Amino acid sequence: MNDDNAGNNAISEDNMTTTITSVINVELDQDGHLCDHTLWTPDIAQQLADTLDVKLETEHLQVLQQVRAFFIKFNHAPATRPLIKWLQKTLPDHDISNQKLQQLFNTGLVARHVNRLAGLPKPPNCL
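This one's a predicted model, so the numbers in the text were calculated from it and none came from an experiment.

(A) Representation of the pattern of salt bridges. Scanning the model with the defined rule gives 3 salt bridges in all. Of the charged contacts in the structure, one is a salt bridge between Arg112 and Asp31, with a shortest N-O distance of 3.8 Å. Separated by 81 residues along the polypeptide, Arg112 in helix 5 (residues 110–117) and Asp31 in the loop between strand 3 (26–28) and helix 1 (42–49) bring together distant segments of the chain. On the basis of relative accessibility, which here comes to 25%, the residue Asp31 falls in the partly exposed class. Each of the salt bridges in this network shares a partner with another, and the network as a whole consists of Asp31, Arg112 and Lys122.

Spelled out as structure tokens, the structure:
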């Protein structure tokens, strides 16, 4: 992390990274995903969720934690179908569906944005 940009939202044109500084300085790639997924915290997730006008509640954070568990287990960010199947298996009381995730996270690009909010890379099949 670089403290040179503390207090600023900076975009560096040479490596196309963005720094979020409200809570902590973190580097984002050109698609808005954390460059280092190990720096993820619920506070960073909320900063990222602010771009979707979403206030993260307990259910959101449970979903994000399970998305991170998928990444740890399978070593890649889940696409939509595997994401939904995984969440249905690991969070059976939440009645997970694509429509529910769209509503919960205020986006039609569920896999892309849920992975982004979970601090993970963009799934390989996402545009």
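Additional details are given in the paragraphs that follow.
(B) Region of interest: the packing of aromatic side chains. Here the structure, examined in full by the defined rule, presents 3 aromatic pairs. Between Phe70 and Phe74, the ring centres sit 4.6 Å apart and the planes meet at 50 degrees, which makes this aromatic pair tilted. With Phe70 and Phe74 both in helix 2 (residues 58–74) and 4 residues apart, this pair spans about one turn of that helix. On the basis of relative accessibility, which here comes to 5%, the residue Phe70 falls in the buried class. Considering the side-chain rings of Phe70 and Trp86, the 5.6 Å spacing of their centres and the 85 degrees angle between planes classify their relative orientation as edge-to-face. Of this pair, Phe70 sits in helix 2 while Trp86 sits in helix 3 (residues 80–90), and the two are 16 residues apart along the sequence.

What counts and what doesn't
Residues numbered from 1 in each chain as written. Predicted model: local features only at pLDDT ≥ 70, side-chain atom pairs only at ≥ 80, totals over all residues. Heavy atoms only, no water. Salt bridge = Lys/Arg side-chain N within 4 Å of Asp/Glu carboxyl O. Helix = DSSP H or I, 4+ residues; strand = E, 2+ residues; numbered from the N terminus. Buried < 20%, exposed > 50% of the residue type's maximum accessible area, 1.4 Å probe, protein only. Phe/Tyr/Trp six-rings, centres within 6.5 Å; stacked < 30°, edge-to-face > 60°.

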